[in-house]
Amino acid sequence: MTLGVTVFASYLIGLREGLEATLVVSVLVAFLVKGDRKDRLFLVWAGVIAAVVLAVGFGALLTFTAAHLGHQQQELFDAITSLLATVFVTWMIFWMRRAARSLSGDLRTKLGEAIRLGPVAVAVMAFLAVAREGLETSLLFFASVQGATTSATPLIGISLGILTSIVLGWGIYKSALKVNLTKFFTWTGLLLILVAAGIFKYGVHDLQEANILPGLSTQAFDISAILPPDSWWGALVAGMFNITPQPTVLETIAWVVYAVPTLILFLRPQSKRPAPAVTTPA
């Protein structure tokens, strides 16, 4: 039970971000195959591989930097990465909610333009499309596991999520799976907003640990009796949403200030936009 609880939040990150990247790659590959431009496929894969290498290197850099800082400096570094991760994941959630319906058409249009510009533009386009997701994944994963556990279970969770997204992406590419992407990104978006609220709360706590913000010893409440940290449900809530049984007043305010308006904006009905015209490669 403990393993499943610990990996869920990182699995969700890997699944959500991985599926976005996988959908991008599948659309690019399908467009080139159907347009009889298979000679450009290696450029797409070259861009994808370069983006993956960049994301892994960025994650390694974050880990290396955090490991070689003093206590107060590390707390400040963790706070900065948590706040940046909150900004990026919030932007990603709202962008995908808006773009889910027109993602395929937008990508095909951009790839058609890249083909006309030349082979380097195709590789760069694939690189940029996947690199954004990879960098977001590295930052969000790093921020979400700070202080949660020292074991390898978060890495297991994100790896399983990415593998699941690859299988789903392949099934969608082969038309074997019919996935309502709008509903998928809506439900995972709701869960990720709660995850991001926990990351934002943790960033505020790190700022308190670094003596940047006051109130570290001022607790808002104590629900240890209801949410014991050594119980499976306490581990579930803490692992998924970074909710602790003894938060400070400032942490609690930060969680509410982020989660409530973000959920309201996310659940607000959105206006429908016409899909962009698709350009066929010459």
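Looking at an unreviewed UniProt entry, the protein carries the name High-affinity iron transporter, with the source organism given as Streptosporangium lutulentum. Under the heading Sequence similarities (unreviewed entry), UniProt records this for the protein: "Belongs to the oxidase-dependent Fe transporter (OFeT) (TC 9.A.10.1) family." UniProt's Subcellular location (unreviewed entry) comment on the protein is quoted here verbatim: "Membrane".

Some details on the pattern of salt bridges
Applying the stated criterion across every chain, the model contains one salt bridge. Across the pair Glu 251 and Lys 201 runs a salt bridge, and its minimum N-O distance is 3.0 Å. Separated by 50 residues along the polypeptide, Glu 251 in helix H9 (residues 249-267) and Lys 201 in helix H7 (residues 181-209) bring together distant segments of the chain. Judged by relative accessible area, which is 4%, Glu 251 ranks as buried.

Some remarks on the environment of Ile 49
Positionally, Ile 49 belongs in helix H2 (residues 41-67). Spatially, the C-alpha atom of Ile 49 lies 7.9 Å from that of Phe 127, the residues being 78 residues apart in sequence.

Re H2
Think of an α-helix as 3.6 residues a turn; residues three or four steps apart then line up on the same face. Across its 27 residues, H2 extends 39 Å between first and last C-alpha, which sits within 8% of the 39 Å expected from 1.5 Å per residue. Listed in full, the buried residues belonging to H2 are Leu 41, Leu 43, Val 44, Gly 47, Val 48, Ala 51, Ala 55, Gly 59, Leu 62 and Ala 66.

Looking at the UniProt feature "transmembrane region" (unreviewed entry) in the protein
The sites that UniProt annotates as "transmembrane region" (unreviewed entry) are residues 12-33, 42-64, 76-94, 114-131, 151-172, 184-204 and 249-267. Secondary structure content for residues 249-267 is 100% helix and 0% strand, and the end C-alpha separation is 27 Å.

Quick look at the nonpolar core
By size, the foremost hydrophobic cluster in this structure holds 25 residues, and its most contacted members are Ala 85, Val 89, Ile 93, Leu 140, Leu 192 and Ile 199. The set of elements that each furnish at least two residues to this core consists of helix H1 (2-34), H2, helix H3 (71-99), helix H5 (119-144), H7 and H9. With seven residues, H7 is the largest single contributor of residues to this core. Counting 21 residues, the second-largest nonpolar core is a separate cluster that includes Val 25, Leu 28, Leu 41 and Met 125.

A few points about the packing of aromatic side chains
Counted under the stated rule, the structure contains two aromatic pairs. Taking the centre distance of 5.8 Å and the plane angle of 80 degrees together, the rings of Phe 94 and Phe 266 count as edge-to-face. Highlighted residues: Phe 94 in helix H3 and Phe 266 in helix H9, separated in sequence by 172 residues. Phe 94 gets classed as partly exposed once you look at its relative accessible area, which sits at 23%. Ring plane angle 40 degrees and centroid distance 6.0 Å describe the contact between Phe 200 and Tyr 258, whose orientation is recorded as tilted. Taken together, the residues span a long stretch of sequence, with Phe 200 in helix H7 and Tyr 258 in helix H9 at a distance of 58 residues. Classification of Phe 200 by relative accessible area gives partly exposed; the value is 22%.

Considering the environment of Ser 138
With respect to the element layout, Ser 138 can be found in helix H5. Setting aside residues no more than four positions away along its own chain, Ser 138 makes contact with Ala 55, Phe 58, Gly 59 and Leu 62.

Some words on the side chain of Asp 206
Along the polypeptide, Asp 206 turns up in helix H7. For the buried Asp 206, no salt bridge exists, and the shortest N-O distance to an oppositely charged side chain is 9.8 Å, to Lys 201. Contact partners of Asp 206, with chain neighbours within four places excluded, come to Glu 75, Asp 78, Ala 79 and Ser 82.

What to know about H9
Counted at 1.5 Å a residue, the expected span for H9 with its 19 residues is 27 Å, and the 27 Å between its end C-alpha atoms agrees. Burial in H9 covers these residues: Glu 251, Ala 254, Tyr 258, Ala 259, Thr 262 and Phe 266. Along H9, the residues classed as buried sweep out an arc of 105 degrees about the axis, all on the same side. H9 presents Val 257, Ile 264 and Leu 267 as exposed residues on the side facing more than 90 degrees away from its buried surface.

Section: the confidence of the model for the protein
In the predicted model, the protein carries a mean pLDDT of 75, and the fraction of residues at 70 or more is 77%. Taking the mean pLDDT of every element in the protein, the minimum, 61, falls on helix H8 (residues 232-241) and the maximum, 92, on H9. Low pLDDT (under 50) marks residues 275-282, which in the prediction has 15 contacts with non-local residues, meaning those over four places away or in another chain.

About the criteria used
Residues numbered from 1 in each chain as written. Predicted model: local features only at pLDDT ≥ 70, side-chain atom pairs only at ≥ 80, totals over all residues. Heavy atoms only, no water. UniProt positions renumbered as here; feature names shortened; annotations may be inferred. Salt bridge = Lys/Arg side-chain N within 4 Å of Asp/Glu carboxyl O. Helix = DSSP H or I, 4+ residues; strand = E, 2+ residues; numbered from the N terminus. Buried < 20%, exposed > 50% of the residue type's maximum accessible area, 1.4 Å probe, protein only. Expected span 1.5 Å × (residues − 1). Core = buried A, V, L, I, M, F, W, Y, C linked by side-chain atoms within 4.5 Å. Phe/Tyr/Trp six-rings, centres within 6.5 Å; stacked < 30°, edge-to-face > 60°. Contact = heavy atoms within 4.5 Å. Lys, Arg positive; Asp, Glu negative; His and termini not counted. Arc of directions from axis to C-beta. pLDDT = per-residue confidence, 0-100.

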